[in-house]
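Chain and residue survey
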Protein chains: 4
Amino acid sequence: MGDVGRIPVGVIGASGYGGVQLVRLVMDHPQLDLAYLGGDSSAGRDFSSVYPHLFHQVNQTIEPIDLTQIADRCDVVFLSLPNGLACKMAPQLLEKGCKVLDLSADYRFSDLGIYTYWYQVERTDQEIAETAVYGLPELYRDRISEAQLVGCPGSYPTASLLALSPLLKQGLIIPETAIIDAKSGTSSGGRQAKVELLLAEAENSLGAYSVARHRHTPEIEQVCSDLSGHEVLVQFTPHLVPMVRGIFATVYATLRDPGLVREDLLTIYSAFYRSSPWVKLLPSGVYPQTKWASGTNLCYIGIEVDPRTARVIVMATIDNLLKGQAGQAIQCLNLMMGWDEMLGLPRLSFYP
Amino acid sequence: MGDVGRIPVGVIGASGYGGVQLVRLVMDHPQLDLAYLGGDSSAGRDFSSVYPHLFHQVNQTIEPIDLTQIADRCDVVFLSLPNGLACKMAPQLLEKGCKVLDLSADYRFSDLGIYTYWYQVERTDQEIAETAVYGLPELYRDRISEAQLVGCPGSYPTASLLALSPLLKQGLIIPETAIIDAKSGTSSGGRQAKVELLLAEAENSLGAYSVARHRHTPEIEQVCSDLSGHEVLVQFTPHLVPMVRGIFATVYATLRDPGLVREDLLTIYSAFYRSSPWVKLLPSGVYPQTKWASGTNLCYIGIEVDPRTARVIVMATIDNLLKGQAGQAIQCLNLMMGWDEMLGLPRLSFYP
Amino acid sequence: MGDVGRIPVGVIGASGYGGVQLVRLVMDHPQLDLAYLGGDSSAGRDFSSVYPHLFHQVNQTIEPIDLTQIADRCDVVFLSLPNGLACKMAPQLLEKGCKVLDLSADYRFSDLGIYTYWYQVERTDQEIAETAVYGLPELYRDRISEAQLVGCPGSYPTASLLALSPLLKQGLIIPETAIIDAKSGTSSGGRQAKVELLLAEAENSLGAYSVARHRHTPEIEQVCSDLSGHEVLVQFTPHLVPMVRGIFATVYATLRDPGLVREDLLTIYSAFYRSSPWVKLLPSGVYPQTKWASGTNLCYIGIEVDPRTARVIVMATIDNLLKGQAGQAIQCLNLMMGWDEMLGLPRLSFYP
Amino acid sequence: MGDVGRIPVGVIGASGYGGVQLVRLVMDHPQLDLAYLGGDSSAGRDFSSVYPHLFHQVNQTIEPIDLTQIADRCDVVFLSLPNGLACKMAPQLLEKGCKVLDLSADYRFSDLGIYTYWYQVERTDQEIAETAVYGLPELYRDRISEAQLVGCPGSYPTASLLALSPLLKQGLIIPETAIIDAKSGTSSGGRQAKVELLLAEAENSLGAYSVARHRHTPEIEQVCSDLSGHEVLVQFTPHLVPMVRGIFATVYATLRDPGLVREDLLTIYSAFYRSSPWVKLLPSGVYPQTKWASGTNLCYIGIEVDPRTARVIVMATIDNLLKGQAGQAIQCLNLMMGWDEMLGLPRLSFYP
């Protein structure tokens, strides 16, 4: 704490999985200094009583969420809270000059009506919300660089959109044929004591949930529509898989030109992600595994074409808590500060 | 062994996972008697040295595969061998009067040309193969009852077809929109020492394989075409999931009539499976979990309709080694013998 | 419900893991009929809303715990409740003529002072408690046969005592050298939403808990002392392992006679468990695996002697929810009813 | 490759789990440069075909093991090979001036007779072997600093010895009462295709192996005897646990002075490990979890005393592939080069 020249940052919602990832990443980052750990239910507790494995590294106490205090001590604030809370805090933090990166859904929608419809939260911060940038650097790098407020997408939209974007941007597929069959490790459910997330229940089991009505659907559609230039509906189905970390998105779509082959698409994807150091396009015939991305901010993408059905199948995998959450927020901050996009973020997974 | 009135059965390929399931099911079956355990690489070994947990229950030795011996001692023979071997044994066993249930791909195809194309095995038993019945009782119950030779489908086709069949039979979907995104536990890979099936590699990882070219595709399409009355191509993508047992098939298709709602489909499925005691249709809004079917011969099916996209999403789950393999073979045998279809098969899972 | 000649039983505490095992076992038992499902927090809910996989098998509703109703409708009552509740219900149920099998700690102690010291519950049912029998059939078969009230031991004491008993009974070891290093799957923690039992926390992790002060210690010591004829203290250390089911107890003790070899001990154990059909002594050099016992009421025991250190190492494994909980209760009931000890209980595991 | 001022290192046996850890750690180390990847069965293959997730980071090919080439290009050589091979290579590499760190058992024994007895390999390099230092920095830091040849201990001895050493060094326990009950993730079995390491077999199962005769026993005893000043025998029992990474050692021993309490021991351990930055002693009443150490070079130690039995119970956990293998080798090299012991090694785990 207090290293000269480092930027003081606050993590609000420090006791959740997003929080502990942020704490870890901030500690490993050469330009950041952890200046404030804030929480609600965990306020007053030592961080090391919540995460004992860090007792020798983090000796801070989780403080109550006092926006004035936070703004005084931090230049940058990460909000890692349940939906509907960030929108009550961000305006004040921004006014006091903080850069704000929100990990909830609050600042991901350009149309707050859609947000209110899906999240059942009335909003009064329309003006602020309009200044927010969607924090997916591979699509909105330039806008993020100039933003004060970033709404970072979560793990499902990140994997889904990195898989779909080149296809939509280049008009290669019939948009309404897009189906995203997504699989997630259980840590996406957060550090919440829910029966269905118990090892005894979730181990050796796999199931789908929120079929045809998951709240990430409108968020994915918003970006797809932006890329396509017209409104796009997608089919999105999330599944819970017996593993801790990782998202695997299998994306299906019908090609406009059935003559396209795998190598064509690899070329197009390579070009699309040429300036995106965190996206790794796999060689022809290689498909990703969630374990490869685990513990890194990487997204691996594999591509297949089925000439029999004229469909493209794109597979994308990320670590749901890094590129799908906290790592993405740091990546955005790197851009906002004018630093190298890869600064301080893990790029080598431990394997196995 | 030798219980009066019980039917003597042989299990050839006893050392694999299919074999040990069959041994267990035969031992629990009130009308069957385990008369022959046959194997190739494991011949001469005590069965209990291969599966020590059964040392107190099975004191038989795995014998070399001697077809004369087998036919002398068995009325029924289960062949649980790699593809391309059953077709060399079944003709002789049938000739000697045995009923034969094959768990490999050898007798699943009515057109051996398709088999040879996908499995690279030349066949000389065309005449015998024409007498084989596809062993999915929910679709071909009557024909199985009268068969001497049954080619039992594996786990992917079973789950996929139980999910798709009512839609195709009733002409409710546009067939070429059908996409099957299937997830399997690693025991489907068999008891083979492969690096990618090691716990260290497969745990906490998920990936797709054989995308756009898995050998179960033509088998699924054969039945779909039979049900539809015209040739159908489907998209089939298998994934390996870090769990021991279970198949989860998520099936997507576009409805011909976008006005159909979930309850309509539940009604249609209920009618379709009215006489199928092993298929359990879940109530509206409930989706299956692989764990529910684990250790049983059940198939759970859940249905959802997305009115936004006019798609139906059907989810089917089975235990890959029971309803997807050995249990199905016993179910077929029950029919061939004129017994109750549920006789001797497990219907209550242990949970959790 | 209501099968002629079947004994009507009630399961109180039906929504927990003990409850659902009991329901399943009762349904599979040829002499039992499920007459009452009772619960507290889950009263009024359909059982199938708590365990949806049983919707087609169990159509009963969980009723409030009304002792008069229960005694009217049931001859036998299983109490599967948190510690401290059974002792408030059993007296009345016994008075009305029910046989009672308690799965909590309430009736496991002959000295209620020890119970009160470790469980912090004052007791007023001393007279009733004195009639209770410790429900480990392998040690107290005869007394269980004549009991009206049985206090069934849980999974740790069962595995530990089955491993240790022959050594203590025959005076083969120096009792105070006994160390039990026990490993348990997470389902032993019950269907409780606790953070430390989440898959995300417990998967890929292993730890010890309640070291030197676990409440099963005095219970194990009570039986060890009974067998030895003098007071014995043991070292007992439980560990939580990333798996759903299973207990593995590794027991260390110093032999009085360092000349004893493995085969001597196998002979002694074989004699000790000659009339115990659920205990399977493994051949020389074979050690048990928890998976072998999973889904059965079996206990597998392996024995090793280290001539270098004069220690015996005994390894015992059971399914924590069957032989370690619900299966044991049914086994006790079989004895209480004069039935075959194995009646209706699963003896063949699914493997893998 | 070829960064100015970096030390060129070779990894021989690059395709195993030890190899890929070393590759990853070398790439993250600020002073090292990966100059040679050597292998036997994998020679000629691109490293990225063996570990596809590193395709974008490592573009080297695994070369045949040519000692002259290796010595020409490397200042430091890590040998990560099966037992019995390093002793054939190390002499020549040392003669050519390389520093050699061996991860096998070949250079862990001061008495080659013990090695030959347990490993069945005749040795002709007695003279070289005598110069080898046992690579456990917490015990032999000074000697490692001056060594040219280090025999790095594996995961079981590392966890066991870090737990036991202060007790033996200070004479606090009766040495012959020491029992080590050790639990390991399956990656300790290496990247070998063995049936018992398959996910289908190992998942949801736990068992002991090599009871009373594991080859790490004499290695542990050698160091214990060195610390005690007289010959010590220990009981060591390894168990395989369904998780990828991690060792958990539960160590039991009888205290010479039964009046010692937990806090006394914490004080003694703190003093013993004062200069050991990778050992983290947990606060009173906190016990370690394997997940805490995962992905780091840390060893967490928790201590408990049972006043009833006069025993101390010490729990130590490490990542078996880092502090228990490759990380330890890098830690040793840091000392050999005069660098900070923590240089380039991971100290913050990802959690969960």
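How each quantity is defined
- Residues numbered from 1 in each chain as written.
- Chains lettered and ligands numbered in written order.
- Predicted model: local features only at pLDDT ≥ 70, side-chain atom pairs only at ≥ 80, totals over all residues.
- Heavy atoms only, no water.
- Buried < 20%, exposed > 50% of the residue type's maximum accessible area, 1.4 Å probe, protein only.
- Helix = DSSP H or I, 4+ residues; strand = E, 2+ residues; numbered from the N terminus.
- Pairing = 2+ DSSP bridges.
- Core = buried A, V, L, I, M, F, W, Y, C linked by side-chain atoms within 4.5 Å.
- Contact = heavy atoms within 4.5 Å.
- Buried area = accessible area lost by both parts, 1.4 Å probe.
- Salt bridge = Lys/Arg side-chain N within 4 Å of Asp/Glu carboxyl O.
- Polar contact = N/O pair within 3.5 Å; in protein donor to acceptor, adjacent residues only side chain to side chain.
- Nonpolar A, V, L, I, M, F, W, Y, C, P; charged D, E, K, R; others polar.
- 1 Å grid on protein atoms, 1.4 Å probe; cavity = no way out; pocket = protein on both sides within 12 Å on 5 of 7 lines; lining within 4 Å.
- Points joined across faces, edges and corners; volume = space filled by probe spheres on them.
- UniProt positions renumbered as here; feature names shortened; annotations may be inferred.
- Expected span 1.5 Å × (residues − 1).
- Bend = angle between axes of the 7 residues up to and from the residue.
- Axes fitted to C-alpha atoms, helices over the stretch in contact; angles between N-to-C directions.
- Least-squares fit on C-alpha atoms with pLDDT ≥ 70 in both.
- Phe/Tyr/Trp six-rings, centres within 6.5 Å; stacked < 30°, edge-to-face > 60°.
- Lys NZ or Arg CZ within 6 Å of the ring centre and 35° of its normal.
- Domains from an automatic or database assignment.

Below, the discussion takes up the pairing of strand β10 (residues 247-254) of chain A. Residue and element names in this part refer to chain A. With eight of eight residues buried, β10 lies mostly within the body of the structure. Neither face of β10 is exposed, since Ile247, Ala249, Val251 and Ala253 on one face and Phe248, Thr250, Tyr252 and Thr254 on the opposite face are all buried. When strand β7 (residues 179-184) meets β10, the two strands line up antiparallel, connected through six bridges. Its bridge partner lying in β10, aspartate 181 is registered against threonine 250. Two strands pair when backbone bridges link them, and β10 and strand β13 (residues 311-318) are joined in this way by eight bridges, in the antiparallel orientation. Counted as the bridge partner of tyrosine 252 is isoleucine 313 from β13.

Here we take up the nonpolar core. With 394 residues, the main nonpolar core has Phe78 of chain A, Phe78 of chain B, Phe78 of chain C together with Phe78 of chain D as its most contacted residues. Aside from chain neighbours lying at most four places away, what touches phenylalanine 78 of chain A is Val9, Gly10, Val11, Ile12, Leu22, Val26, Leu101, Leu103, Ala329, Ile330 and Leu333 of chain A.

What follows is about the interface of chain B and chain C. With 37 residues of chain B at the interface, the matching set in chain C holds 37 residues. Of the roughly 3,100 Å² buried at the junction of chain B and chain C (both faces included), carbon and sulfur atoms supply 67%. Here chain B and chain C share zero salt bridges between them. There are 10 residue pairs in polar contact (both at pLDDT 80 or more) connecting chain B and chain C. Within the residue set of the side of chain B that touches chain C, elements represented by two or more residues are α1 (17-28), β11 (279-281) and α12 (290-293) of chain B. In terms of residue count, α1 of chain B provides more of the side of chain B that touches chain C than any other element does, six residues in total. Broken down by class, the residue content of the side of chain B that touches chain C amounts to 21 nonpolar, eight polar and eight charged.

Taken as a whole and assessed by the stated rule, the structure comprises five cavities of 30 Å³ or more. Its volume calculated, the largest cavity comes out at about 430 Å³.

When the UniProt feature table is mapped onto this chain, "domain: Semialdehyde dehydrogenase NAD-binding" (unreviewed entry) is found at residues 8-147 of chain A. Helix and strand shares over residues 8-147 of chain A are 40% and 16% respectively, and the end C-alpha atoms of the span are 18 Å apart.

Think of an α-helix as 3.6 residues a turn; residues three or four steps apart then line up on the same face. Residue and element names in this part refer to chain B. In this model, helix α13 (residues 322-336) (15 residues) spans only 18 Å end to end at C-alpha, well below the 21 Å of a helix rising 1.5 Å per residue. The largest bend in α13 comes to about 50 degrees, at glutamine 328. With respect to burial, α13 is a largely interior element, 14 of its 15 residues being buried. Looking one or two residues beyond α13, the residue adopting positive phi is glycine 338, at roughly 80 degrees.

At the junction of the two partners, chain B supplies 50 residues and chain A supplies 50 residues. Summing the contributions of chain B and of chain A, the shared interface buries around 4,000 Å²; its carbon and sulfur component is 50%. When the buried area of chain B at its contact with chain A is split by residue, Asn204, Leu206 and Arg308 of chain B rank highest and sum to 16% of it. Our count for the chain B to chain A interface comes out at six salt bridges. Residue arginine 308 of chain A is joined to glutamate 221 of chain B by a salt bridge in which the shortest nitrogen-to-oxygen separation is 2.3 Å. No other element matches strand β7 (residues 179-184) of chain B, which puts four residues into the side of chain B that touches chain A.

Moving on, we come to the sheet that holds strand β8 (residues 207-208) of chain A. Within the open sheet, the seven strands sit side by side as β8-β9-β7-β10-β13-β12-β11 (chain A). Their pairing is mixed. The open sheet has two edge strands with one neighbour each: β8 and β11 (279-281) of chain A.

Bringing the sheet that holds strand β8 (residues 207-208) of chain D into the picture now. Residue and element names in this part refer to chain D. With mixed pairing, the seven strands of this open sheet are ordered in space as β8-β9-β7-β10-β13-β12-β11. With partners counted over all chains shown, the strands left at the sheet margins are β8 and β11 (279-281), one partner each. Its contacts with the sheet put helix α11 (residues 262-272) on β11, β12 (299-306) and β13 (311-318), and the angle it makes with β12 is roughly 150 degrees.

Next up on the list: the pattern of salt bridges. Within the structure shown, the criterion is met by 57 salt bridges over all chains. Here arginine 245 of chain C and aspartate 319 of chain C are joined by a salt bridge, their closest N and O atoms 2.9 Å apart. With a gap of 74 residues between them, arginine 245 of chain C in the loop between β9 (235-240) and β10 (247-254) and aspartate 319 of chain C in the loop between β13 (311-318) and α13 (326-336) connect regions that are remote in the sequence. Grouping residues by exposure puts arginine 245 of chain C and aspartate 319 of chain C together as buried. Between arginine 262 of chain D and glutamate 263 of chain D there is a salt bridge whose closest N-O contact spans 3.7 Å.

Before going further, it helps to examine the relation of the copies chain B and chain A. What relates the pair of chain copies is a rotation about an axis plus a shift along that axis. The transformation that overlays chain B on chain A combines an axial shift of 0.0 Å with a rotation of 180 degrees, and the residual RMSD is 0.0 Å. Seen this way, the second copy is the image of the first under a two-fold rotation axis. Looking at the rotation axis and the C-alpha trace of chain B, the residue lying nearest is proline 242 of chain B, at 3.2 Å. Looking at the interface residues of chain B, 100% of them are also at the interface in chain A, so both copies use one shared face.

Our next topic: the packing of aromatic side chains. In the structure shown here, the tally under the stated rule is 44 aromatic pairs over all chains. Centroid distance tyrosine 134 of chain A to tyrosine 140 of chain A: 6.2 Å. Interplanar angle 90 degrees. Geometry classified as edge-to-face. The exposure class of tyrosine 134 of chain A is buried, given its relative accessible area of 7%. Aromatic pair tyrosine 117 of chain C and tryptophan 118 of chain C: ring centres 6.0 Å apart, planes at 80 degrees, arrangement edge-to-face. With relative accessibility at 61%, the residue tyrosine 117 of chain C sits in the exposed group. Three or more aromatic residues link up through ring pairs in this structure, and these residues are Phe47 and Tyr51 of chain A together with Tyr351 of chain D. We note arginine 123 of chain B situated over the ring of tyrosine 115 of chain B; from NZ or CZ to the ring centre the distance is 4.6 Å. Over the ring of phenylalanine 350 of chain B we find arginine 24 of chain C; its NZ or CZ atom is 3.9 Å from the centre of that ring.

All names here are of chain C. Following the sequence through the fold, valine 23 ends up in helix α1 (residues 17-28). According to the relative accessible area criterion, valine 23 is buried, its value standing at 0%. Separated by 13 residues in the primary sequence, valine 23 and glycine 10 have C-alpha atoms spaced 9.2 Å apart. Residues contacting valine 23, with those up to four places away along its chain left out, are Leu34, Leu37, Phe47 and Val58.

Looking now at the environment of asparagine 204 of chain D. Among the structural elements, asparagine 204 of chain D can be located in the loop between α9 (199-202) and β8. Using a relative accessible area of 14% as the deciding quantity, one classes asparagine 204 of chain D as buried. Put simply, asparagine 204 of chain D and valine 241 of chain D are 37 residues apart on the chain and 8.5 Å apart in space, counted from C-alpha to C-alpha. Apart from the residues lying within four places of it in its own chain, the contact partners of asparagine 204 of chain D are Glu203 and Asn204 of chain A, Met243, Val244, Arg245, Thr290 and Lys291 of chain C together with Pro242 of chain D. A polar contact of 2.9 Å, which involves the side chain of asparagine 204 of chain D, links it to the backbone nitrogen of valine 244 of chain C.

Now for the domain arrangement of chain A. All names here are of chain A. Domain parsing of chain A yields domain 1 (7-153 + 324-336) and domain 2 (155-319). Tallying the contact residues gives 24 residues for domain 1 and 30 residues for domain 2. Together domain 1 and domain 2 conceal approximately 2,200 Å² of surface at their shared face, both sides included; 53% is due to carbon and sulfur atoms. In this assembly, domain 1 and domain 2 are joined by one salt bridge. Counting every contact that joins domain 1 to domain 2 gives 13 residue pairs in polar contact (both at pLDDT 80 or more). For the side of domain 1 that touches domain 2, the elements supplying multiple residues, two or more each, are α1 (17-28), α5 (112-119), α7 (137-145) and α13 (322-336).

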